[in-house]
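# Overview (structure and organization)
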Amino acid sequence: MAALGWLTPRRRSATARSVLAGEASAEAARKSTQEHPEPAGAEREPEFPVLGDDRAAAFFDLDNTVMQGAALFHFGRGLYKRKFFETRELARFAWQQAWFRLAGVEDPEHMQEARDSALSIVKGHRVAELETIGEEIYDEYMADRIWPGTRALAQAHLDAGQKVWLVTAAPVEIAQVIARRLGLTGALGTVAESVDGVYTGRLVGEPLHGPAKAEAVRALAAAEGLDLSRCAAYSDSHNDIPMLSLVGHPYAINPDTKLRRHARDQDWRLRDYRTGRKAAKVGIPAAAGVGAVAGGTAAAIALSRRRR
């Protein structure tokens, strides 16, 4: 049972592996920021965030918060297109994602299999290769899926002179691509181990999920000299309650049922950028994400068959 501990974040506090994953992600995020300085802010000066408060920052979950659907799935579609793996593997991964979205919880067997499959796919490839491919995949599958409302919230923090970070279980390399394309400061993501620039097929710690996200934010805040009580965090998922609870300004964005309930109980701010029809379906967590996964899989398989 100990091996499955990272799959049940709501029932425990952070483990040593969570702390390791968080610290590794924070270190990767800061290194990337040094290589890619933050963009200049625009002209708008909203009442919140507070203009000029350099001890405040904002932390945004990615999947279904900033972007419709799961970044890892879109990344998988791009790798499949480049023949990194077979059609049956894409279909199996899509089923795992659909199960998560419909059930609202991670199935331990599915999550373990998805993690192992992703690591085996990149094992032996160079980090630089995946970074280049990530740029291409962003243009192909992700650029048109950014929620304008959430993007505006992020821009408000930038306009106030604050740093804005993505915090996601997606690979840190693809997370950093998305952050850079959106003009954000950087990204905290799952760190895959590499030696001499080549992936080993192992993780540093564990996926940046649940308590590990909170640990990454805590580590980054300490390194950056931030006051978490003045920071903001945004997410769609109840799995991110540990991260949201760290900051003084938590927001529930396109929330699943459990997060919506928790946000109302805690008097947290809530924003829903889905259409009225989709927003009404909060009983099925992230219904839009399910559609993206199922539709994307069907399209990929159909395209493969047509090419044969």
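Look up: the structure comes first, before these words.
Here we summarise the structure given alongside this text. For clarity, every value in this text was computed on a predicted model and none was experimentally measured.

Thresholds applied
Residues numbered from 1 in each chain as written. Predicted model: local features only at pLDDT ≥ 70, side-chain atom pairs only at ≥ 80, totals over all residues. Heavy atoms only, no water. Helix = DSSP H or I, 4+ residues; strand = E, 2+ residues; numbered from the N terminus. Buried < 20%, exposed > 50% of the residue type's maximum accessible area, 1.4 Å probe, protein only. Contact = heavy atoms within 4.5 Å. Pairing = 2+ DSSP bridges. Axes fitted to C-alpha atoms, helices over the stretch in contact; angles between N-to-C directions. Phe/Tyr/Trp six-rings, centres within 6.5 Å; stacked < 30°, edge-to-face > 60°. Core = buried A, V, L, I, M, F, W, Y, C linked by side-chain atoms within 4.5 Å. Salt bridge = Lys/Arg side-chain N within 4 Å of Asp/Glu carboxyl O.

When you line up the elements, Ser237 lands in the loop between β6 (232–235) and α9 (241–244). Classification of Ser237 as buried rests on a relative accessible area of 9%. Measuring from C-alpha to C-alpha, the distance between Ser237 and Arg260 comes to 8.8 Å, with 23 residues separating the pair along the chain. Discounting residues that sit within four places of it in the chain, Ser237 has contacts with Asp256 and Leu259.

Among the 11 residues that make up helix α2 (residues 71–81), 9 are buried, leaving the element largely enclosed by the rest of the structure. Along α2, the residues classified as buried are Ala71, Phe73, His74, Phe75, Gly76, Arg77, Gly78, Leu79 and Tyr80. Positioned one or two residues after α2, Lys83 has a phi angle of 65°, which is positive.

The next subject is the pairing of β6. Covered by surrounding structure in β6 are Ala232 and Tyr234 together with Ala233 and Ser235, the residues of both alternating faces. Bridge analysis of strand β1 (residues 57–60) against β6 gives 3 bridges, and the strand direction is parallel. Across the sheet, the residue bridging to Phe59 is Ala233, located in β6. Bridge analysis of β6 against strand β7 (residues 249–253) gives 4 bridges, and the strand direction is parallel. Looking across to β7, one finds that Tyr234 is bridged to Tyr251.

Bringing the sheet that holds β1 into the picture now. Reading across the sheet, the 6 strands line up as β3-β2-β1-β6-β7-β8 and stay open at both edges, with parallel pairing between neighbours. The sheet is open, and its two borders are formed by β3 (186–190) and β8 (269–271), each paired with just one other strand. Within this sheet the neighbouring strands show an average axis-to-axis angle of 20°, counted without direction. Sheet analysis places β7 next to β8, joined by 3 bridges and oriented parallel. Looking across to β8, one finds that Tyr251 is bridged to Arg269. Along the sheet, helix α6 (residues 148–159) contacts β1, β2 (163–171), β6 and β7; its crossing angle with β1, the most-contacted strand, is approximately 160°.

Before going further, it helps to examine the packing of aromatic side chains. Counted under the stated rule, the structure contains 2 aromatic pairs. Each ring, one from Tyr234 and one from Tyr251, has its centre 4.5 Å from the other, and the planes form 20°; the classification is stacked. Residue Tyr234 is found in strand β6, and its partner Tyr251 is found in strand β7; the two are separated by 17 residues along the sequence. Here Tyr234 and Tyr251 have matching classes, each one buried. Ring pairing ties together the aromatic residues Phe60, Tyr234 and Tyr251, which thus form one cluster.

Moving on, we come to the nonpolar core. Among the nonpolar cores identified, the biggest contains 43 residues, and Phe60, Leu79, Met142, Leu166, Ile178, Leu184 and Tyr234 are the most heavily contacted of them. Per-element tally for this core: the top contributor is helix α5 (residues 127–142), with 7 residues. Once residues lying within four places of it in the same chain are set aside, the contact partners of Tyr234 are Phe48, Ala58, Phe59, Phe60, Asp61, Thr65, Leu153, His157, Met243, Leu244, Tyr251 and Ile253. In terms of nonpolar packing, the next biggest core, distinct from the first, is built from 28 residues, Ala21, Ala216, Leu220 and Leu244 among them.

Our next topic: the pattern of salt bridges. Taken as a whole, this structure holds 15 salt bridges when the rule is applied. The shortest N-O distance in the salt bridge between Glu136 and Arg82 comes to 2.9 Å. Here Glu136 is found in helix α5, whereas its partner Arg82 is found in the loop between α2 and α3 (87–103), with 54 residues between them in sequence. For the salt bridge of Arg180 with Glu135, the shortest nitrogen-to-oxygen distance reads 2.6 Å. Linking Arg180 in helix α7 (residues 172–181) with Glu135 in helix α5, this pair joins segments that are 45 residues apart in sequence. Among the charged side chains, a salt-bridge network with shared partners connects Lys81, Arg82, Glu136 and Glu140.

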